[in-house]
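A closer look at the structure
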Amino acid sequence: MDWGNVTAEDLIDALREVDWSSPPRPLSEFFSRFTLPKSSSKWDSRLKCNLYYYRTNYFIMMVLILGLGFLRRPLAIVAAILTALSIAFMNDSFAGTFSEKVMRTVRQFSPHLAAKMRPPLTPVIRGRPSAKRAIYICGQPRWLFVMIFSFVSFNLWYVSCGLLTVLWALAIGLLATILHASFRTPNLKARLNTFREEFRSVWRNYSEL
């Protein structure tokens, strides 16, 4: 895959739709080999490839940096967790997995309530969905959970007076992510993983026809 032809919008869409439940890459691989990119086009391609391949590692690194910044502020830690969840809900795979686990837990105590939490059926016309499949969490639109979690987390940031701290933590986390993705040499495993993800995407689209 030529990452140089992938736009930022395409990368964001891929990160939103890809499965985030995969475990992070081993630290021995994450900190394996670093080299300077030979040109700006090589740097652009490497940055996008590493952001996609090490996405779970970068997410965990951001959470750890935020956690270290709020060791003495419990409310800020809760706000950081809610902020991370509101961002994670934007990923289709995470939203679906989270909803299934919650509904499975609720079903053990109240099957009737779990039945009410099922998402509405998508109308089908001529064997195909009439519109792009909407994502629901516990029977409600995803955006509702994102808005609620974002609103609560923002108020907790304000109450805990940790907004400046989170801005510094996010800046440090983003800088560390960009530096690592810029200098970490993409390995063969990253390229093979990219081809595998492309095959799964094509096969999924083919099976839905």
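Look up: the structure comes first, before these words.
Worth saying up front: this structure is predicted, and the values here are computed from it rather than measured.

On to a positive patch on the surface. A cluster of like positive charges, contributed by K101, R104, R107 and R118, occupies part of the molecular surface. Its place among the elements puts R104 in helix α6 (residues 92-109). When its relative accessible area of 45% is taken as the criterion, R104 is described as partly exposed.

To continue, consider the packing of helix α5 (residues 74-88) against helix α8 (residues 142-160). Contact geometry for α5 and α8: axes closest at 8 Å, N-to-C directions at 155 degrees. Between α5 and α8, the crossing angle belongs to the class labelled roughly antiparallel. You can see that α5 and α8 cross each other, and the crossing is left-handed. In this structure, α5 uses L75, A76, V78, A79, A80, L82, T83, L85 and S86 to contact α8, whose residues at the interface are V146, F149, S150, V152, S153, L156, W157, V159 and S160. Considering only residue class, the contact of α5 with α8 consists of 13 nonpolar, five polar and no charged.

Let us look at the pattern of salt bridges. Tallying each qualifying case throughout the model produces two salt bridges. A salt bridge links D44 to K48; the nearest nitrogen and oxygen atoms lie 3.0 Å apart. Here the residue D44 and the residue K48 both occupy positions in helix α3 (residues 40-53), the gap between them amounting to four residues, near one helical turn.

Attention shifts here to the packing of α3 against helix α9 (residues 163-183). Between two packed helices, the angle of one axis relative to the other and the distance separating the axes together describe the packing. Where α3 contacts α9, the two axes come as close as 7 Å, and the packing angle between them is 115 degrees. Classified by chirality, the crossing of α9 by α3 is right-handed. Along its contact with α3, which presents W43, R46, L47, N50 and L51, the element α9 presents T177, I178, H180, A181, S182 and F183. A class-by-class count of the residues in the contact of α3 with α9 yields six nonpolar, four polar and one charged.

The rules we used
- Residues numbered from 1 in each chain as written.
- Predicted model: local features only at pLDDT ≥ 70, side-chain atom pairs only at ≥ 80, totals over all residues.
- Heavy atoms only, no water.
- Patch = residues over 30% accessible without salt bridge, like charges linked within 9 Å, V, L, I, M, F, W, Y side chains within 5 Å.
- Areas by Shrake-Rupley, 256 points an atom, 1.4 Å probe, with all protein chains shown as cover.
- Salt bridge = Lys/Arg side-chain N within 4 Å of Asp/Glu carboxyl O.
- Lys, Arg positive; Asp, Glu negative; His and termini not counted.
- Charge placed at Lys NZ, Arg CZ, Asp CG, Glu CD.
- Helix = DSSP H or I, 4+ residues; strand = E, 2+ residues; numbered from the N terminus.
- Buried < 20%, exposed > 50% of the residue type's maximum accessible area, 1.4 Å probe, protein only.
- Axes fitted to C-alpha atoms, helices over the stretch in contact; angles between N-to-C directions.
- Parallel < 35°, antiparallel > 145°, perpendicular 65-115°, else oblique.
- Left-handed = near helix turned anticlockwise from the far one by under 90°.
- Contact = heavy atoms within 4.5 Å.
- Nonpolar A, V, L, I, M, F, W, Y, C, P; charged D, E, K, R; others polar.

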